[in-house]
Amino acid sequence: MEVIAMTQNINLKEIEKKAYRDSQQDGLMEVMMGLILMTFGGFFYSPVFAFYILLIVFAGRIVEFIRRRYTHPRIGFVKFHKDDSKDALTGVFLFEVAVIVIMFTLISLFGNVKDYSQWVDWAPLFFGMILVGPFAHAASRSGSIRYTGYAILSVILGLFFSLTEFASGSTGLIIYLVLMGSCRGFVTIRLCM
(Lines give C-alpha, C1' and ligand atoms only; values in the text may rest on other atoms or scores of the structure.)
Protein backbone atom coordinates (compact mmCIF):
# COMPACT_ATOMS: atom_id res chain seq x y z
CA MET A 1 0.00 0.00 0.00
CA GLU A 2 1.30 3.40 -0.93
CA VAL A 3 1.19 6.17 1.67
CA ILE A 4 0.61 9.58 0.27
CA ALA A 5 1.85 12.42 2.43
CA MET A 6 -0.24 15.51 2.13
CA THR A 7 1.43 18.72 2.93
CA GLN A 8 -0.41 21.87 3.63
CA ASN A 9 1.09 25.16 2.80
CA ILE A 10 0.75 27.06 6.02
CA ASN A 11 1.11 30.77 5.67
CA LEU A 12 2.29 31.83 9.12
CA LYS A 13 2.02 35.53 8.32
CA GLU A 14 -1.68 35.16 7.45
CA ILE A 15 -2.30 33.14 10.62
CA GLU A 16 -0.54 35.82 12.66
CA LYS A 17 -2.59 38.58 11.00
CA LYS A 18 -5.84 36.73 11.65
CA ALA A 19 -4.88 36.14 15.27
CA TYR A 20 -4.08 39.85 15.65
CA ARG A 21 -7.43 40.84 14.07
CA ASP A 22 -9.24 38.44 16.37
CA SER A 23 -7.39 39.80 19.42
CA GLN A 24 -8.56 43.30 18.51
CA GLN A 25 -12.18 42.38 17.81
CA ASP A 26 -13.38 43.88 21.08
CA GLY A 27 -12.42 47.33 19.72
CA LEU A 28 -11.25 48.60 23.11
CA MET A 29 -7.91 49.94 21.92
CA GLU A 30 -9.58 51.64 18.94
CA VAL A 31 -12.18 53.29 21.15
CA MET A 32 -9.48 54.35 23.64
CA MET A 33 -7.38 55.87 20.86
CA GLY A 34 -10.47 57.63 19.50
CA LEU A 35 -11.17 59.12 22.93
CA ILE A 36 -7.55 60.20 23.27
CA LEU A 37 -7.63 61.97 19.91
CA MET A 38 -11.01 63.60 20.62
CA THR A 39 -9.95 64.96 23.99
CA PHE A 40 -6.39 65.88 23.03
CA GLY A 41 -7.37 69.11 21.30
CA GLY A 42 -9.24 70.40 24.33
CA PHE A 43 -6.63 69.37 26.87
CA PHE A 44 -3.67 70.60 24.82
CA TYR A 45 -4.32 74.20 25.82
CA SER A 46 -5.46 73.40 29.34
CA PRO A 47 -3.56 73.41 32.65
CA VAL A 48 -4.67 69.78 33.19
CA PHE A 49 -2.59 68.66 30.18
CA ALA A 50 -0.18 66.82 32.51
CA PHE A 51 -3.03 64.55 33.65
CA TYR A 52 -3.91 63.89 30.04
CA ILE A 53 -0.35 62.68 29.40
CA LEU A 54 -0.91 60.10 32.16
CA LEU A 55 -3.98 58.83 30.26
CA ILE A 56 -1.87 58.37 27.14
CA VAL A 57 0.88 56.60 29.09
CA PHE A 58 -1.52 54.23 30.86
CA ALA A 59 -4.00 53.69 27.98
CA GLY A 60 -2.48 50.32 27.07
CA ARG A 61 -2.58 49.14 30.66
CA ILE A 62 -6.18 50.29 31.08
CA VAL A 63 -7.22 48.42 27.94
CA GLU A 64 -5.35 45.28 29.03
CA PHE A 65 -7.02 45.40 32.46
CA ILE A 66 -10.47 45.62 30.85
CA ARG A 67 -9.60 42.83 28.41
CA ARG A 68 -8.35 40.52 31.18
CA ARG A 69 -11.45 41.23 33.23
CA TYR A 70 -14.18 41.08 30.58
CA THR A 71 -13.00 40.11 27.09
CA HIS A 72 -10.51 37.28 27.65
CA PRO A 73 -12.88 35.14 29.75
CA ARG A 74 -15.42 35.25 26.90
CA ILE A 75 -13.31 34.89 23.76
CA GLY A 76 -9.85 33.88 24.99
CA PHE A 77 -6.59 35.52 23.99
CA VAL A 78 -3.36 35.01 22.10
CA LYS A 79 0.01 35.99 23.48
CA PHE A 80 2.07 37.35 20.61
CA HIS A 81 5.79 37.11 20.18
CA LYS A 82 7.34 40.39 21.29
CA ASP A 83 9.16 42.30 18.59
CA ASP A 84 12.52 43.82 19.38
CA SER A 85 11.56 47.09 21.06
CA LYS A 86 14.91 48.67 20.16
CA ASP A 87 14.17 48.25 16.44
CA ALA A 88 10.61 49.52 16.92
CA LEU A 89 11.78 52.61 18.81
CA THR A 90 14.41 53.31 16.16
CA GLY A 91 11.74 53.07 13.46
CA VAL A 92 9.36 55.37 15.35
CA PHE A 93 12.15 57.89 15.97
CA LEU A 94 13.24 57.91 12.33
CA PHE A 95 9.64 58.25 11.12
CA GLU A 96 8.99 61.20 13.46
CA VAL A 97 12.23 62.90 12.39
CA ALA A 98 11.18 62.49 8.75
CA VAL A 99 7.78 64.06 9.51
CA ILE A 100 9.44 66.98 11.31
CA VAL A 101 11.80 67.53 8.36
CA ILE A 102 8.85 67.46 5.94
CA MET A 103 6.90 69.92 8.11
CA PHE A 104 9.94 72.19 8.43
CA THR A 105 10.33 72.13 4.64
CA LEU A 106 6.64 72.88 4.03
CA ILE A 107 6.61 75.78 6.47
CA SER A 108 9.87 77.09 4.97
CA LEU A 109 8.32 77.03 1.50
CA PHE A 110 4.94 78.50 2.41
CA GLY A 111 5.69 80.69 5.42
CA ASN A 112 8.16 81.65 8.09
CA VAL A 113 9.70 78.91 10.24
CA LYS A 114 10.25 81.37 13.09
CA ASP A 115 6.56 82.30 13.20
CA TYR A 116 4.85 80.17 15.87
CA SER A 117 1.43 80.74 14.29
CA GLN A 118 2.66 78.98 11.12
CA TRP A 119 3.45 75.86 13.16
CA VAL A 120 0.00 76.03 14.79
CA ASP A 121 -1.66 76.43 11.38
CA TRP A 122 0.17 73.37 10.01
CA ALA A 123 -0.36 71.29 13.19
CA PRO A 124 -3.30 69.29 11.73
CA LEU A 125 -1.09 68.07 8.87
CA PHE A 126 1.70 67.31 11.35
CA PHE A 127 -0.65 65.14 13.43
CA GLY A 128 -2.10 63.61 10.26
CA MET A 129 1.36 62.57 9.11
CA ILE A 130 2.36 61.33 12.58
CA LEU A 131 -0.78 59.16 12.70
CA VAL A 132 0.24 57.46 9.44
CA GLY A 133 2.88 55.53 11.45
CA PRO A 134 0.52 53.79 13.90
CA PHE A 135 -2.05 53.19 11.16
CA ALA A 136 0.58 51.64 8.87
CA HIS A 137 1.79 49.46 11.74
CA ALA A 138 -1.76 48.28 12.49
CA ALA A 139 -2.34 47.60 8.77
CA SER A 140 0.80 45.49 8.53
CA ARG A 141 -0.05 43.52 11.70
CA SER A 142 -3.70 42.94 10.85
CA GLY A 143 -3.81 42.92 7.06
CA SER A 144 -6.92 45.11 7.31
CA ILE A 145 -7.37 47.75 4.63
CA ARG A 146 -9.33 49.83 7.14
CA TYR A 147 -6.08 51.10 8.69
CA THR A 148 -4.72 52.12 5.29
CA GLY A 149 -7.94 54.09 4.83
CA TYR A 150 -7.41 55.74 8.23
CA ALA A 151 -3.85 56.71 7.22
CA ILE A 152 -5.04 58.28 3.96
CA LEU A 153 -7.96 60.04 5.69
CA SER A 154 -5.61 61.29 8.39
CA VAL A 155 -3.31 63.03 5.89
CA ILE A 156 -6.14 64.39 3.71
CA LEU A 157 -8.02 65.86 6.69
CA GLY A 158 -4.75 67.17 8.14
CA LEU A 159 -3.97 68.97 4.90
CA PHE A 160 -7.53 70.28 4.61
CA PHE A 161 -7.58 71.70 8.16
CA SER A 162 -4.09 73.16 7.73
CA LEU A 163 -5.07 75.03 4.58
CA THR A 164 -8.44 76.20 5.93
CA GLU A 165 -8.31 79.54 7.72
CA PHE A 166 -9.97 79.81 11.13
CA ALA A 167 -10.40 82.75 13.51
CA SER A 168 -8.05 81.03 15.95
CA GLY A 169 -5.07 79.02 14.73
CA SER A 170 -5.72 76.14 17.11
CA THR A 171 -9.31 75.67 15.91
CA GLY A 172 -8.20 73.64 12.89
CA LEU A 173 -6.17 71.29 15.11
CA ILE A 174 -9.01 70.86 17.60
CA ILE A 175 -11.58 70.11 14.89
CA TYR A 176 -9.16 67.74 13.16
CA LEU A 177 -8.46 65.76 16.36
CA VAL A 178 -12.13 65.56 17.34
CA LEU A 179 -13.10 64.45 13.82
CA MET A 180 -10.35 61.81 13.57
CA GLY A 181 -11.07 60.52 17.07
CA SER A 182 -14.81 60.33 16.57
CA CYS A 183 -14.39 58.71 13.13
CA ARG A 184 -12.07 56.10 14.56
CA GLY A 185 -14.26 55.40 17.58
CA PHE A 186 -17.53 55.38 15.59
CA VAL A 187 -16.23 53.05 12.87
CA THR A 188 -14.84 50.68 15.49
CA ILE A 189 -18.06 50.60 17.47
CA ARG A 190 -20.05 49.92 14.28
CA LEU A 191 -17.70 47.09 13.27
CA CYS A 192 -17.87 45.45 16.70
CA MET A 193 -21.68 45.37 16.81
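Note that the structure is a prediction, hence the values are computed from the model and not measured. (Residues numbered from 1 in each chain as written. Predicted model: local features only at pLDDT ≥ 70, side-chain atom pairs only at ≥ 80, totals over all residues. Heavy atoms only, no water.)

> Mind showing me how you'd approach the overall build of the protein here?
Scanning the protein for helices and strands turns up eight helices and zero strands. In the protein, the order of α-helices and β-strands from amino to carboxyl end is α-α-α-α-α-α-α-α. Every one of the 193 residues in the protein was classed for burial, and the buried ones make up 27%. Restricting to contacts in the protein with at least 6 residues of sequence separation, those with at least 24 account for 68%. For the protein, the computed accessible surface area is about 13,000 Å², with 68% contributed by carbon and sulfur atoms. (Helix = DSSP H or I, 4+ residues; strand = E, 2+ residues; numbered from the N terminus. Buried < 20%, exposed > 50% of the residue type's maximum accessible area, 1.4 Å probe, protein only. Contact = heavy atoms within 4.5 Å. Areas by Shrake-Rupley, 256 points an atom, 1.4 Å probe, with all protein chains shown as cover.)

> How should the packing of aromatic side chains be read in this particular structure?
Scanning the entire structure with this criterion turns up six aromatic pairs. Plain terms: the ring middles of Phe-126 and Phe-127 are 5.8 Å apart, the flat faces sit at 85 degrees to each other, and that makes the pair edge-to-face. Residue classification places Phe-126 among the partly exposed positions, given a relative accessible area of 26%. Cluster of aromatic residues (ring-pair linked, three or more members): Phe-135, Tyr-147 and Tyr-150. (Phe/Tyr/Trp six-rings, centres within 6.5 Å; stacked < 30°, edge-to-face > 60°.)

> I'm lost on the side chain of Ser-142 in this one. Help?
The residue Ser-142 is located in helix α6 (residues 123-142) in this model. A distance of 2.8 Å separates a polar atom in the side chain of Ser-142 from the backbone oxygen of Ala-138. Here Ser-144 takes part through its backbone nitrogen, which lies 3.0 Å from a polar atom of the side chain of Ser-142. For Ser-142, the contacting residues outside a window of four places in its chain are Lys-17, Tyr-20, Arg-21 and Tyr-147. (Polar contact = N/O pair within 3.5 Å; in protein donor to acceptor, adjacent residues only side chain to side chain.)

> For this particular structure, what's the right way to read the environment of Gly-60?
With respect to the secondary-structure elements, Gly-60 resides in helix α3 (residues 49-75). Exposure remark for Gly-60: the relative accessible area of 29% places this residue in the partly exposed category. Expressed as a C-alpha distance, the spacing of Gly-60 and Met-29, which sit 31 residues apart in the sequence, is 7.5 Å.

> Is there a simple way to think about the side chain of Ser-162 in this case?
Among the secondary structure elements, Ser-162 is positioned in helix α7 (residues 145-163). Note on Ser-162: relative accessible area 8%, which makes it buried. Polar contacts involving the side chain of Ser-162 include one to the main-chain amide nitrogen of Leu-125, which spans 3.0 Å. Ignoring any residue separated from it by four or fewer positions in sequence, one finds Ser-162 in contact with Asp-121, Trp-122, Ala-123, Pro-124 and Leu-125.

> Honestly, the packing of α6 against α7 in this entry has me stumped. Any pointers?
For any two helices packed against each other, the geometry is given by the interaxial angle and the distance between the axes. Interhelical geometry of α6 versus α7 gives an angle of 175 degrees and a closest axis separation of 7 Å. If you check the angle between α6 and α7, you find them roughly antiparallel. Between α6 and α7, the contacting residues are Ala-123, Pro-124, Leu-125, Phe-127, Gly-128, Met-129, Leu-131, Val-132, Phe-135, Ala-138, Ala-139 and Ser-142 on the first element and Tyr-147, Thr-148, Tyr-150, Ala-151, Ser-154, Val-155, Gly-158, Leu-159, Phe-161 and Ser-162 on the second. Looking at the contact of α6 with α7 residue by residue, the class counts come to 16 nonpolar, six polar and no charged. (Axes fitted to C-alpha atoms, helices over the stretch in contact; angles between N-to-C directions. Parallel < 35°, antiparallel > 145°, perpendicular 65-115°, else oblique. Nonpolar A, V, L, I, M, F, W, Y, C, P; charged D, E, K, R; others polar.)

> In this structure, what is going on with the environment of Gln-118? I would like to understand it.
Structurally, Gln-118 can be placed in helix α5 (residues 116-121). Overall, Gln-118 belongs to the buried group, its relative accessible area being 17%. For the pair Gln-118 and Ser-108, spaced 10 residues apart in sequence, the C-alpha to C-alpha distance is 9.7 Å. Once you skip the residues sitting within four places of it in the chain, Gln-118 turns out to touch Ile-107, Phe-110, Gly-111 and Asn-112.

> Help me out: how do you make sense of α7 in this one?
Spacing of three or four residues puts side chains on the same side of an α-helix, whose turn is 3.6 residues. Compared with an ideal rise of 1.5 Å per residue, which puts 19 residues at 27 Å, α7 spans 27 Å between its outermost C-alpha atoms and is within 8% of the ideal. Turning to α7, its buried residues number three or more, namely Tyr-147, Tyr-150, Ala-151, Ser-154, Leu-157, Gly-158, Phe-161 and Ser-162. With its buried residues spanning 145 degrees around the axis, α7 presents them on a single face. Opposite the packed face of α7, turned more than 90 degrees from it, sit the exposed residues Ile-145, Ile-156 and Leu-163. (Expected span 1.5 Å × (residues − 1). Arc of directions from axis to C-beta.)

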